[in-house]
Number of protein chains: 2
Amino acid sequence: MTAPRDIPNNLLESLKSLGLTKYEALVYIGLLRVAGATATEIHEISGVPRASVYPVLDRLVQKELVSVSYITPKRFDAVPPDRGVENLMRRIETDAESARAALDALYREKRPEGRGNQEQVWTIYGEENIRTRLADMFRSAERSVEVLATWDLLPESVLTLLEAVPDSVSVDIVTDCWEGERPSRFGIHVLPLATLRETRSPPGKLLPYESSGVFLVDDARALLWVGSGGEQPSALYSESAGLVLFVRRHITSVTEWARTAAQ
Amino acid sequence: MTAPRDIPNNLLESLKSLGLTKYEALVYIGLLRVAGATATEIHEISGVPRASVYPVLDRLVQKELVSVSYITPKRFDAVPPDRGVENLMRRIETDAESARAALDALYREKRPEGRGNQEQVWTIYGEENIRTRLADMFRSAERSVEVLATWDLLPESVLTLLEAVPDSVSVDIVTDCWEGERPSRFGIHVLPLATLRETRSPPGKLLPYESSGVFLVDDARALLWVGSGGEQPSALYSESAGLVLFVRRHITSVTEWARTAAQ
DNA sequence: TAAATGTTGTTGTTACTATAACAACAAGGT
DNA sequence: ACCTTGTTGTTATAGTAACAACAACATTTA
């Protein structure tokens, strides 16, 4: 194929991830604008080689994206886009569900192997995954939860998760600002963390201090949220004694530093 | 690869349709049962060649299915299945939505070409697609809607769609049985269609008469529902005068036949 | 016959699969 | 210090399968 002209490339990519091949996508798109076309017409419109049009149409019929008229020559028509996409998604969702079930069985079956988790530092990619891990940490807290984070992280990603912390556990939050009501069961400390921005290590260059957070549970498990500037965020999680101690010191020292600097 | 032992094949297929390759699926499955494994351990468990494990893991991290621990040697862990599948589905749903939007634009933009629809007979596959077409027919009815169908089709697939018929249009339903209340605005005729079963064309063989339906709108558009025995149902749709006339005669003759046979 | 339809087979291309070999490094033995 | 031994991570390079692109043929229709 020379030129799938005027077809936005990302549309082709999207359709591919729905399980269509390039030809299938082109033929379907072509059919959306011609009503009842013959194989040759489809070939002319879509740019797909005429010989390839036939098997491709077979597959599209199988996938419930086109309907056939059995006159000679055969004529084809596309089902409307919303219906068509729904037909594709139905299959995928079925697969997703059965995969989820099968994987979950494997997951539960053999997971006793809780090997040396304690000394490792895990890197977690993606906000969703980070939130899941945070939720696990909060839910399993037994004595204390400490949060040191810039305000921009708290409302959207953290505060709701904190409701899962058991009642008997103390929760302390250090942040640089607070809007809205203050939940009474949390110890909330608003400190001018923003002044940290003026710390310069490469002289003249401001350190960004946004979308960063540190979370410590029971003085035993720590998570460091790294914003990574607009990109997909990542985080470090560890139960290693060394890193936990470091985090412990970090929280106390930042708290102290900000408290004095405010005076 | 020789033996992806004890991995059900349909699980691999399901994961493939979620956008994973065979290796990606095998590695992810392997990681679900080992906690923090090294590349070599993953190779032993999953059967994937050791050299292939590294790029595969890169892709899995990119897809938010595994997390990394940067000690030497690197150790890897899988995100829980429900979260992992959700991560995959999120991408696909995004693609589906953007594809749907783009296709819809194309669809609306250029669709005036309502060429010679009138003489064609369209074959429609899949119950969902048939229902969509039926809904279109009912919604656009101007004078009359006639339904001749076995009862098993009506409640689950047809009755709700009939509510879209405009008020000024007469609706007549012929079926072999009726349960529940009878909507007053429909003309309902219960006839012993079941006796048709006893019509024998290949002597000694009963003709099935289930899940079949005939729909006629304005004496101009007809749809024939073909049950196709448990499989994906299909239907014929046409605006051709010839086929419409045939359906017209079919409905009246069956009605007459059943009425006399009942006496 | 001419033109168009539908089918078949072959070749190119790509992404994934599979194997082998290599350099870098650590542990252990002489 | 030197040399094995084994492991990690990387690279190169065949093999394979599905798709893409093309050519040739048989079949129908006008």
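Bear in mind the structure is a predicted one, so any value in this text is a computation, not a measurement.

J.: For this particular structure, what's the right way to read the interface of chain B and chain A?
T.: Often, the extent of an interface is quoted as the loss of accessible area on bringing the components together. Each partner contributes to the interface: chain B provides 61 residues, whereas chain A provides 61 residues. Of the roughly 5700 Å² buried between chain B and chain A on both sides combined, carbon and sulfur atoms contribute 58%. In this assembly, chain B and chain A are joined by two salt bridges. Between Arg83(A) and Glu128(B) there is a salt bridge, with the nearest N and O atoms lying 3.0 Å from each other. Across the contact surface, chain B and chain A share 18 residue pairs in polar contact (both at pLDDT 80 or more). Top contributing element to the side of chain B that touches chain A by residue count: helix α5 (residues 81-109) of chain B, with 20 residues. Residue composition of the side of chain B that touches chain A, by class: 30 nonpolar, 13 polar and 18 charged. As defined by bridge partners, strand β1 (residues 66-69) of chain A adjoins strand β3 (residues 121-125) of chain B across two bridges and the pair is classed as antiparallel.

J.: Can you walk me through the relation of the copies chain B and chain A in this structure?
T.: Both copies of the chain are placed relative to one another by a rotation about an axis and a shift along it. Mapping chain B onto chain A leaves a residual RMSD of 0.2 Å; the transformation is a rotation of 180° accompanied by 0.1 Å of translation along its axis. The superposition of one copy onto the other is thereby described by a two-fold rotation axis. Counting the interface residues of chain B, we find that 100% of their copies in chain A are interface residues as well, pointing to one common contact surface.

J.: How should I be thinking about the sheet that holds strand β3 (residues 121-125) of chain A in this particular structure?
T.: Note: strands within a sheet are paired through backbone hydrogen bonds, in either parallel or antiparallel orientation. With mixed pairing, the nine strands of this open sheet are ordered in space as β6(A)-β5(A)-β4(A)-β7(A)-β8(A)-β9(A)-β3(A)-β1(B)-β2(B). Either end of the sheet is taken by a strand with one partner, and the two such strands are β6 (186-190) of chain A together with β2 (75-78) of chain B. In this sheet, neighbouring strand axes are inclined to one another by 20° on average, regardless of whether the strands run parallel or antiparallel. Bridging between strand β5 (residues 170-175) of chain A and β6(A) involves five bridges; their strand directions are parallel. Among the inter-strand pairings, Val174(A) is bridged to a residue of β6(A), identified as His189(A). Taken strand by strand, helix α7 (residues 154-162) of chain A contacts β4 (144-149), β5, β6, β7 (213-217) and β8 (221-226) of chain A, and its axis lies near 170° from that of β5(A).

J.: Sorry, what's going on with the packing of aromatic side chains here?
T.: Any pair of aromatic rings gets described here by the distance separating the centres and the angle formed by the planes. Residue and element names in this part refer to chain A. Considering all chains together, one arrives at four aromatic pairs over all chains under this definition. Judged by centre distance (4.9 Å) and plane angle (50°), the rings of Trp151 and Trp178 are tilted. Of this pair, Trp151 sits in the loop between β4 and α7 while Trp178 sits in the loop between β5 and β6; the two residues are 27 residues apart in sequence, bridging distant segments of the chain. Of the two residues, Trp151 and Trp178, both sit in the buried class. A cation over a ring is seen here: Arg133 above Tyr237, with NZ or CZ 4.4 Å from the ring centre.

J.: What is the right way to look at the sheet that holds strand β2 (residues 75-78) of chain A in this model?
T.: The nine strands lie next to each other as β2(A)-β1(A)-β3(B)-β9(B)-β8(B)-β7(B)-β4(B)-β5(B)-β6(B), forming an open sheet whose pairing is mixed. Strands with a single pairing partner mark the edges of an open sheet, and in this sheet they are β2 of chain A together with β6 (186-190) of chain B. Averaged over all pairs of adjacent strands, the angle between their axes in this sheet comes to 20°, without regard to strand direction. Contacts from helix α4 (residues 50-62) of chain A reach β1 and β2 of chain A together with β3 of chain B, with the element oriented near 115° to β1(A). Where helix α6 (residues 127-139) of chain B meets the sheet, it contacts β3, β4 (144-149), β7 (213-217), β8 (221-226) and β9 (234-238) of chain B, and its direction lies at approximately 155° from that of β8(B).

Procedures and definitions
- Residues numbered from 1 in each chain as written.
- Chains lettered and ligands numbered in written order.
- Predicted model: local features only at pLDDT ≥ 70, side-chain atom pairs only at ≥ 80, totals over all residues.
- Heavy atoms only, no water.
- Contact = heavy atoms within 4.5 Å.
- Buried area = accessible area lost by both parts, 1.4 Å probe.
- Salt bridge = Lys/Arg side-chain N within 4 Å of Asp/Glu carboxyl O.
- Polar contact = N/O pair within 3.5 Å; in protein donor to acceptor, adjacent residues only side chain to side chain.
- Helix = DSSP H or I, 4+ residues; strand = E, 2+ residues; numbered from the N terminus.
- Nonpolar A, V, L, I, M, F, W, Y, C, P; charged D, E, K, R; others polar.
- Pairing = 2+ DSSP bridges.
- Least-squares fit on C-alpha atoms with pLDDT ≥ 70 in both.
- Axes fitted to C-alpha atoms, helices over the stretch in contact; angles between N-to-C directions.
- Phe/Tyr/Trp six-rings, centres within 6.5 Å; stacked < 30°, edge-to-face > 60°.
- Buried < 20%, exposed > 50% of the residue type's maximum accessible area, 1.4 Å probe, protein only.
- Lys NZ or Arg CZ within 6 Å of the ring centre and 35° of its normal.

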